[in-house]
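Breakdown of the fold
These are the residues of each chain, in order.
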Amino acid sequence: MGRYVIRRLLQMIPVFIGATLLIFLMVNVMGDPIAGLCGERQCDPATAAQLRKEFGLDKPLWQQYLTYMGNVFTGDFGTAFTGQPVTELMADAFPVTIRLTIVAILFEIVIGILLGVVTGLRRGRPVDTGVLLLTLVVISIPTFVTGLLLQLLFGVEWGWIRPSVSPDATFGELIVPGLVLASVSLAYVTRLTRTSIAENKRSDYVRTAVAKGLPRHRVITKHLLRNSLIPVVTFIGTDIGALMGGAIVTERIFNIHGVGYQLYQGIVRQNTQTVVGFVTVLVLVFLVANLLVDLLYAVLDPRIRYA
Amino acid sequence: MRGATHATWAVGAVAVALVATACGGGGGGGGGGSGGASGVLSSSWGDPQNPLEPSNTNEVQGGKVLDMIFRGLKRYDARTGAAQNMLAQKIDTSDSQNFTITVKDGWTFSNGEPVTAQSFVDAWNYGASLKNNQKNAYFFGYIEGYDKVHPETGTQSADTLSGLKVTGAHTFTVKLNQKFSTFPDTLGYVAFAPLPKAFFSDHAAWLKKPIGNGPYTVDSYTKGSMMSLRKWGAYPGTDKAQNGGVDLKVYTDNNTAYTDLLAGNLDLVDDVPAAQLKNVKSDLGGRYINTPAGIIQTIAFPFYDQAWDKSGVENVRKGLSMAINRDQITSTIFQKTRTPASDWTSPVLGAAGGFQDGLCGASCRYDPAQAKKLIQDGGGLPGGQIKISYNADSGSHKEWIDAVCNSINNALGNDKACVGNPIGTFADFRNQIGQHKMPGPFRAGWQMDYPLIQNFLQPLYYTNASSNDGKWSNKDFDKLVDQANAETDKAKAIQLFQQAEGVVRDNMAAIPLWYQNGSAGYSDRISNVALNQFSVPVYNEIKVS
């Protein structure tokens, strides 16, 4: 197990370098960011040259990348065009997005698995058909439609929530945005759990457990659910990274100043430092989440062993 | 039994949390406050692009704040746009080149430091100096010694402008490197604001919480999220704040801001999203403002490309202008928040300031038959097709460019005559313009720095001027502008500028499309809301009930 973890950690290094290099190249292909800093006019050449020097944009790209990566290892993610260090932006944005992700993941786990178990156990019944139809609807409607609709209904028409989230972005305020963000994944979790449960329900060990006379809830939680959760855990694990990076739409609709907001600003203003910095951290989140998922397998199913 | 307990718990927690949000939803919005002169209003805001310094702010969002916390020598009247003395006692000149400025006594910054002549000279020197990277440095380009402090290449050989001299506690002199009769009227621009000593002694702290001399002080500033401004009780000016303060809230999307306004969580939105213009009247009734701003949208040409610089091609340019149905586009796409342009300035200047309705004449009137004829006379479209470049990341540029092209295609009876050429980001768009790589005409928007006809002509059409992106060059135009700048009589200067504008018209150096309006919507908590010529709300006059 220990060796496996170390091997996985080592594998992360090339992935990390490759991903950051790619995003660095992609942002730089878009051209000179200084050009857009002076509004509808051209920056005067002297100031532009000075700014380019300050942000290190006058050096060849490979050198910029090396300097950048060197700085990253000392915890220096550079400075955004507003004069704010990127680390400061991260300190503001990540806690908010992490809270939003937690809310979304909780929805996925609680509602998604619950519905999955219920429908899986009652396959073919009206409840099952109903939930299946519902998840189909949720999957087929784009997130921004769900988001704008809920915002309009809950926020403006009925006045249950505030349409926009305050800068504090407390858990309470993030429930509706979290639900919107989770909606599509939630539907997938439901379907995955349902299939898995329905399949395992007919397996030998479940029949044995039932034959032993174990109470129904014990059969379900201890025997059926534990085995059925493996694909679901895989999905939710990879979803953590996807939710954090993919929150751009949801964060924009509800005016949440998280990672999606900073990434959006960074891309529009072509701010290399912001974009590369945030993506670097997101890559790390992805990698760690994947690692955790793999480790969880062994916990859920002792038959899966790592040499 | 354990499993079941867990599930109940989780469901219970969600239910409790949902109830909690519902409770939190109603209150806390709108900024609260008891109303009257102490009431605080909330307003939508965008994250400023650059650090908040007077000579480093060139976009509306940062300018909004500086307009609240700074007062300069002059101030533009919110309704007429006329430059009126604010901190200036008087500005004297005999030759339009040497100016003596007297600063009013009794003004202080909000930290108690008096505003003196030195406060201005220090600020201007800071703004001009190359090593400070100020994006508005070119505003000081008319002052003598600018080329030493801010050379085009290499390092600066002086730290201060030789044209600025402090002659007393409240007087200083300015020597310009050329005659510029309307120079005093430019001093209302925020780049010319005075700066307190705290700005220089602890710059980082100042940026965290700016200190100025305007009717408001910064109470708290969370970068990227919110700025709370409060009325400064000891403000010495006559334009004191009529409300207790303003909370500026950053919105990524103006649609969300508008939704918040409808839900009663926001008092003022100063940029109604294009998609909502259709409903705004029914949503807000009379609480919607749509007033002209000093912004004109044009189509510029790449004169560095031989195909556009030949003689005779001006007929093609005029023909293209006549092929655009401005009335139809402004009413259908922009819901009349744009006014078809008939000159190259803006109505906010007023007739006395140089705006001349209809100066463009027949060239700006929709006439498809004549348009087709003119373009054929001029040798047809260069390359048989034109591509109009624009940045696709902001505004509704795509919609109107497509409409303009449609209009041109219909007039020419050729649906491939004009196509849009979207460029991903604004930065890349500016980049390609700067490198003179435009494959054809391109969108050019101009927001005035100060309400002067000079500002609509010289930076855009003078040979090698800072914003002459198409590299248009015309000796007659340059001569007339020089004459106008040297003219001490204001009325005559404006006449000369209008003559110069005539040269722009005869050559169709750029196609004027429409003047842009500022649009704003507000809640029933506030009243006396107006937008100034820069489409920024006049915050200090807003009353909270």
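Residues numbered from 1 in each chain as written. Chains lettered and ligands numbered in written order. Predicted model: local features only at pLDDT ≥ 70, side-chain atom pairs only at ≥ 80, totals over all residues. Heavy atoms only, no water.

With that settled, consider the pattern of salt bridges. Pairs may arise between side chains of opposite charge once their charged atoms sit close together. A complete count under the given rule lists 20 salt bridges over all chains for this structure. Two residues, A:Asp294 and A:Arg8, come together in a salt bridge whose shortest N-O distance is 2.0 Å. On the criterion of sequence distance, the pair formed by A:Asp294 in helix H12 (residues 272-300) and A:Arg8 in helix H1 (residues 2-29) is long-range, its members being 286 residues apart. In this structure A:Asp294 comes out as buried when scored by relative accessible area, which is 17%. Relative accessible area serves as the criterion here: at 16%, A:Arg8 is assigned to the buried category. With its nearest N and O atoms 3.6 Å apart, the salt bridge here joins A:Arg252 to B:Asp253. (Salt bridge = Lys/Arg side-chain N within 4 Å of Asp/Glu carboxyl O. Helix = DSSP H or I, 4+ residues; strand = E, 2+ residues; numbered from the N terminus. Buried < 20%, exposed > 50% of the residue type's maximum accessible area, 1.4 Å probe, protein only.)

Turn by turn, an α-helix covers 3.6 residues, leaving residues three or four places apart pointing in a common direction. Residue and element names in this part refer to chain B. A rise of 1.5 Å per residue sets the reference length of helix H15 (residues 397-412), with its 16 residues, at 22 Å; its end C-alpha atoms lie 22 Å apart and thus fit the reference within 8%. For H15, the complete set of buried residues consists of His397, Trp400, Ile401, Ala403, Val404, Cys405, Ser407, Ile408, Asn409, Ala411 and Leu412. Count one or two residues on from H15 and you reach glycine 413, which has phi positive near 65°. (Expected span 1.5 Å × (residues − 1).)

Here we come to the confidence of the model for chain B. Residues and elements named next belong to chain B. Summary statistics for chain B give a mean pLDDT of 88 and a share of 93% for residues scoring 70 or more. In this model residues 1-34 is a low-confidence stretch, pLDDT under 50, and it forms 28 contacts with partners more than four residues away in sequence or in other chains. Here the complex is predicted with pTM 0.84, and the ipTM for its interfaces comes to 0.84. (pLDDT = per-residue confidence, 0-100. Contact = heavy atoms within 4.5 Å.)

Next up on the list: the state of the cysteines. Such a bond, covalent and formed between the sulfur atoms of two cysteines, is termed a disulfide. Residue and element names in this part refer to chain B. Tallied over the full model, the rule gives two disulfides over all chains. Shown here is the disulfide that connects cysteine 360 with cysteine 364, its sulfur atoms set 1.9 Å apart. As the torsion about the S-S bond is roughly 75°, the cysteine 360-cysteine 364 disulfide counts as right-handed. Judged by its relative accessible area of 3%, cysteine 360 is buried. There is a disulfide in this structure between cysteine 405 and cysteine 418, and the S-S distance comes to 2.0 Å. Taking the torsion about the sulfur-sulfur bond, which here is approximately -50°, the covalent link between cysteine 405 and cysteine 418 counts as left-handed. (Disulfide = S-S within 2.5 Å.)

All names here are of chain B. Trp124, Phe140, Phe172, Val174, Leu320 and Tyr461 are the most contacted members of the largest nonpolar core, which has 141 residues in total. With eight residues, H15 is the single largest residue contributor to this core. Ignoring anything within four residues of it in the chain, the contact list for valine 174 reads Gln97, Asn98, Phe99, Ile101, Trp124, Ile143, Gly163, Leu164 and Phe183. (Core = buried A, V, L, I, M, F, W, Y, C linked by side-chain atoms within 4.5 Å.)

Take the packing of helix H4 (residues 86-121) of chain A against helix H9 (residues 216-245) of chain A next. Residues and elements named next belong to chain A. Interhelical geometry of H4 versus H9 gives an angle of 145° and a closest axis separation of 10 Å. In the packing of H4 onto H9, the handedness of the crossing is right-handed. Two secondary-structure elements touch here, H4 through Phe94, Thr97, Ile98, Thr101, Ala104, Ile105, Glu108, Ile109, Ile113, Val117 and Leu121 and H9 through Arg216, Ile220, Leu224, Leu225, Leu229, Val232, Ile236, Asp239, Ile240, Leu243 and Met244. In terms of residue class, the contact of H4 with H9 is made up of 17 nonpolar, two polar and three charged. (Axes fitted to C-alpha atoms, helices over the stretch in contact; angles between N-to-C directions. Left-handed = near helix turned anticlockwise from the far one by under 90°. Nonpolar A, V, L, I, M, F, W, Y, C, P; charged D, E, K, R; others polar.)

The next point concerns the interface of chain B and chain A. In this complex, chain B contributes 58 residues to the contact, which on the side of chain A involves 52 residues. Buried surface at the junction of chain B and chain A, summed over both partners, amounts to about 4,800 Å²; 53% is from carbon and sulfur atoms. When the buried area of chain B at its contact with chain A is split by residue, B:Gln49, B:Asn133 and B:Thr252 rank highest and sum to 14% of it. In this assembly, chain B and chain A are joined by one salt bridge. Of all elements in the fold, only helix H1 (2-26), strand E10 (245-250), helix H8 (254-262), helix H16 (426-434) and strand E16 (442-447) of chain B reach the threshold of two or more residues within the side of chain B that touches chain A. Looking at the side of chain B that touches chain A residue by residue, the class counts come to 19 nonpolar, 25 polar and 14 charged. (Buried area = accessible area lost by both parts, 1.4 Å probe.)

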